[in-house]
Amino acid sequence: MIPFQYTKASDVADAVRLIAANGGAKFIAGGTNLLDLMKDNVERPTTLIDISRLPLNSVEETASGGLRIGALVPNADLAWHPLIEKRYPLLSSAILAGASQQLRNMASTGGNLLQRTRCAYFYDTATPCNKRQPGSGCSAVNGVNRGHAILGASTSCIATHPSDMCVALAALDATVHVTGAKGARAIPFADFHRLPGDTPHIDTNLAPDEIITAIEVPAKGFATHYSYLKIRDRMSYAFALVSVAAALEIKNGTIEEARLALGGVAHKPWRDAGAEAALRGQPAEDASFARAADLLLRDARPQAHNDFKVDLARRAIIRTLTQAAHGTPQSQSNKTIQ
Amino acid sequence: MSTPNNTAKAYTGTPTSRVDGRAKVTGAAKYAGDFNAGGLAYGAVVEATIARGRIARIDAGEALRVPGVLDVITHENRPRVADSDEAWRDDLAPEDGSPFRPLYDDAVKFNQQPIALVLAEEWEIARYAASLVRVDYEKQPFVTDVYRRRDDAIVVEKPDKLRGDAAKAFAAAEVRHEADYFIPTEHHNPMELFATTAMWEAGGPLTVYDKTQGVQNVQQFLCGVFEKKPNEIRVISPYVGGAFGAGLRPQYQVVLAVMGALKLQRSVRLVLTRQQMYGLGYRPATIERLALGARRDGTLDAITHEAVGTTSQFEEFSRNDTGWSALLYASPNARYEHRVAHLDVPTSCDMRAPGAATGVYALESAMDELAVALKMDPVELRLRCYSERDQNEDLPYTSKRLRECYREGAAAFGWDRRKPEPRAMRDGKALVGWGMASGVWEALQVPVAVRIAMTANGHAEVSCAASDIGTGTYTIMAQVAADSLGLPIENITIHLADSTLPSAPVEGGSWMAASACHAVIATAGEVRSELLRRAKLMKGSPLADAVEEDVTLSDGKLVSRRQTDRGVSISDIMRHAAMERIEKEKTNEFAQDKAHARNTHSAVFVEVKVDEELGVVRVTRVVSAVAAGRVLNPKTARSQVMGAVVGGIGMALHEETIYDHGLGRIINHDIAEYHVPVNADIHDIEVIFVDEPDALINPLGMKGLGEIGIVGVAAAVANAVYHATGVRVRDLPITLDKVLGRRQAA
Amino acid sequence: MQDGAVHPGASPSPLPEKVSVTLIVNGIERRFSVLPWVSLLDALRDHLDLTGTKKGCDHGQCGACTVLVDGRRINSCLTLAVMRDGAHVTTIEGLAANGALDPLQQAFIDHDAFQCGYCTPGQICSGVGLIAEGRAKTADEIREFMSGNICRCGAYPNIVSAIQQAMGAKP
């Protein structure tokens, strides 16, 4: 860790003012990812602006029937919030699939969106990494890349986004509310995270002087037909090889609305409009699910060590859609995969 | 020997809660990094970032300018240390080679090698300053992949005399199985970080709190390295937060902490980071080749087991890996050979059941494949090859109840309901597989000395330099001491792991329980003799004509064995003799018996459920039946075997130190990406101790339990995965991509 | 580490001022001054001499440092002491403050839910947090919600039994 000044923001406006005034500053809320990276000298802020006590920790109903989730609501509280459990169980399930209860007690909703990749080379300052040190090269492209991206990667970076919660938020068409020096704006979830391109050091479209204040989920919660399935190398407390969030609306056996988002396969939660469109109007059965999976994965480009991910993702998509269709969502405690 | 008489409660054999339990559940138990002192300086290590070469330039200037930094020690300015290999060779050092010397010179021999030590007033200051030490290297070519050195590996172990002609018999066998198996590098990852607190005191000895499995080994090593007299360094390690072999040899942090304390003349704490612990020893990546030739009736004609392990360029570490195959099963022809490949990595070291965990994994996987080829039940095959004698030495065992392990384990598991064909059993979308394997380990015993100080109020302090690394040494010694001194266990205080205490070797190899317990019994015998001598002098003593064999200690009294109401209380004896305390020290003695083999055995039965489409493997049930002589504490013994099964499940499904061989660097060097089992991975584990009377091995008839529990587990899991899926994964860990048949070589 | 390209510049950054922090630790108010980069874990261990809380990874990957802050279990390695100014912290030393063991501490002894004991303070604090949450009931749920605490000795089944005992559930 490099030395840093520590200061507390008194309100959102103060936070915005402070970050604009300090070039090397970062906000700290839960701190679970930032401090982890600071200890490894990957993140090197010169000032930490503590926003953890700002009044951004409530969950409120919106006029349009959705929920506005304060950016500082801890992940654990969000997963277990009665309105989330009842109306957005996909979000609850995805949150509980990630990290540990201790980390979920600390990690904030906004901070979860800003988690950085788990790519081992990104973490190891002794190796080149374009995300950590722009222009230094990508060690993973020709290194060990079993866990890396199969979709949307570039020659600069093949890292994946590690969040589970974000996969559900992507599927739910959430909106990210931010405030900056130029005022407040809303960013559709799909536009929040970026693909690596040739600027992999920039993970999101949040401006450096902006703060996330809330996440809004629209009215449609898919509380009947949903599932979050996370495939990983051990049963808990591990990042996804592939994860799938599936949400359906089904009427008389026909899919009326479909959402499908994948984690562990790309630099951002991966959605594919074509795959979802292909599900609409189709019977809720294997053949429809397989077609959607094939569409979503049509441009998949595996790395040297993760060819398996393409096939695994296909199977996981079909299984998760089946779970959603049957109304038998994946339990995050009982590890049997129905 | 002094076993309790019939009237007294016997602690030995009775489930007994850990005597150090309260200290551990209240946070009172102090580990090496927990000892605080005024003026403590904190160390941080700078590591090499290349696999091989030399340090062309190292510049600590900027680091030294950080406020609070006290010193930066490198090979250029370090204090004097011994310059002979002999001085650096600890009890566990390989005979061949030159032990690693941290900060000795400019040579870089492996990635993550320590190359500088920063000392500062606070930990974060030291860590920050460590990041400012600039290093230029001259890089040299390196190899970290055992497969690239397979053909250059050097033979380190093979039998003195060949048994038959295994190659010829294999070629002629009715049924043959031949395959390669692979175990990747694994790191112990004890929960406690490797740590040393060196307490400096002007004019006094340096007191070193170290994470180690052997305080006297470390103490002698430090005296050698720093050219000190024995009374100038004392090593203490009352609690050890797991080690699994990683703490057998002195690790570099103890050298650096002592170096820092001597240079600063100040107390120093050095705690390695989790990442830095991947620069220490490890279970060597090993390629195992098995060739089994059998008759159609399942008897073996030929066993060949060849292995290639891994070590550093500067030391030749290896353990018996292949010999187990020739030992365990009857076969007229057997050949084994172990070779090691020298790579640009640290020296490998012992990790729980070293050699057996790997070698028996390969053997028992191969036996399963042979059973498939023979269309024979895997348990039945092992019974057909069962040997009553050690096949290498052709000796009978002091005891061997492996047959009962198979029988009792199979019964508890319900093995008779197994459908023999793969993919024949299902539970919903999961394929169910049942697999089994045998396990074998040694029952060693070593010289250990114990001191007992008994006071007139009926309390006893039992002291020994042995360590308790979580295995339960404190408890089992207290049980045996209580029984052999006839005192309640609450009146026994055990002092361990201080280099000034009576001598003991490192705690490892499953030898400490039997060795330490018999040292307690031997010393208690001396106490009893002294008490009898004094009792006989008492006026009208009821024991006036008793001889040693006739008396025992029970309920705080010295009594006649035949007539337990005839006796004198310990306090009366000591009062009459005007003694405050009786203090005795003795080393255990075991009969020299070269006519018998001494081993523990096990049979492990595993159920897995494998999602057919997704390849996700869950171990849902394990039965481990162990034959290890008399079990002194069924409660802690069960935990020890259960924990070893968990370790075996990790070995089977999770554990792999992943190298980027292009960089010569470990890339999953933390405990998020180096996977070990978490709570959700572990379900029912049943431990059975089969009755194994052993009148030959030692008076208590006991054997150690530290290793046997892990041996065979990985094979049983692999065999169960095969039975579930029909897919044979021969390289660990069994990850879902391999189960799906879609794994690319890294 | 020592990669010049990554860490340019030849002068170290100056250290900031120490910050005064007050914590109510195990019911006792403790005031101390630390640099902002001191984790809650290091503050407890190095500044308040409460070494019952253990460092097993310093990165939130093992759970050995679990303590209760304002009643919730967290990894004390991943929070700064200065960020917790004014908070109530319960460590393993505070669970048996009056000499009587917490029911979960006793259950850990009864069920032999540890061997080396190093992860134990974190396991117990985590278990106390789990019981207070009131969510995990079944063995599967306990296993999942205790998966943030790694035990390398492999005491997991006994840990689950101990928590069930302390919950008053039938083992």
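I will try to describe carefully the structure that is included in this document.

About the cut-offs
Residues numbered from 1 in each chain as written. Chains lettered and ligands numbered in written order. Predicted model: local features only at pLDDT ≥ 70, side-chain atom pairs only at ≥ 80, totals over all residues. Heavy atoms only, no water. Contact = heavy atoms within 4.5 Å. Buried area = accessible area lost by both parts, 1.4 Å probe. Salt bridge = Lys/Arg side-chain N within 4 Å of Asp/Glu carboxyl O. Helix = DSSP H or I, 4+ residues; strand = E, 2+ residues; numbered from the N terminus. Expected span 1.5 Å × (residues − 1). Buried < 20%, exposed > 50% of the residue type's maximum accessible area, 1.4 Å probe, protein only. Pairing = 2+ DSSP bridges. Axes fitted to C-alpha atoms, helices over the stretch in contact; angles between N-to-C directions.

**Remarks on the interface of chain A and chain B**
- On the chain B side, the residues contacting the 40 residues of chain A number 41 residues.
- Buried area between chain A and chain B, both sides added, is near 3500 Å², and the carbon and sulfur share of it is 59%.
- Summed over the three residues of chain A that lose the most area to chain B, namely Arg 234, Met 235 and Arg 319 of chain A, the buried surface amounts to 18% of that side.
- Here chain A and chain B share five salt bridges between them.
- Put simply, Asp 611 of chain B and Arg 319 of chain A hold a salt bridge, and the shortest N to O gap is 2.8 Å.

**Digging into helix H3 (residues 120-133) of chain C**
Residue and element names in this part refer to chain C.
- The end-to-end C-alpha distance of H3 is 19 Å, a good match for the 20 Å that 14 residues give at a rise of 1.5 Å each.
- With respect to burial, H3 is a largely interior element, 11 of its 14 residues being buried.
- Those residues of H3 not exposed but buried are Thr 120, Pro 121, Gly 122, Gln 123, Ile 124, Cys 125, Ser 126, Gly 127, Val 128, Gly 129 and Leu 130.

**Quick word on the sheet that holds strand S10 (residues 206-210) of chain B**
Residue and element names in this part refer to chain B.
- The sheet built from seven strands is open, its strands ordered S3-S5-S1-S12-S9-S10-S11 with mixed pairing. Whereas interior strands pair on both sides, the edge strands pair on one side only; in this sheet they are strand S3 (69-74) and strand S11 (233-236). Averaged over all pairs of adjacent strands, the angle between strand axes in this sheet comes to 20°, irrespective of strand direction.
- Of the pairings in the sheet, the one linking S10 to S11 comprises four bridges and is parallel in character.

**With respect to the interface of chain B and chain C**
- Taken together, the 74 residues of chain B in the interface contact 64 residues of chain C.
- For the pairing of chain B and chain C, the buried interface totals around 5600 Å² over both sides, and the portion due to carbon and sulfur atoms is 53%.
- Considering only the side of chain B, the residues that lose the most area to chain C are Val 25, Met 191 and Asn 679 of chain B, jointly responsible for 15% of the buried surface there.
- Summed over the shared surface of chain B and chain C, the number is seven salt bridges.

**A look at the sheet that holds strand S22 (residues 492-496) of chain B**
All names here are of chain B.
- Spatially, S22-S21-S20-S26 is the arrangement adopted by the four strands of the open sheet, whose pairing is mixed. Pairing within the sheet leaves two strands with one partner each, and these edge strands are S22 and strand S26 (581-587). Here the average twist between neighbouring strands, direction ignored, is 15°.
- With five bridges joining them, strand S21 (residues 460-464) and S22 adopt parallel strand pairing. Opposite Val 462, over in S22, you have Ile 494 as the bridge partner.
- Packing of helix H12 (residues 473-485) onto the sheet brings it into contact with strand S20 (449-455), S21 and S22, and relative to S22 it is tilted by some 135°.
- Across the face of the sheet, helix H13 (residues 512-536) comes into contact with S20, S21 and S26 while running at roughly 135° to S26.

All we've got here are geometric facts, nothing functional implied.
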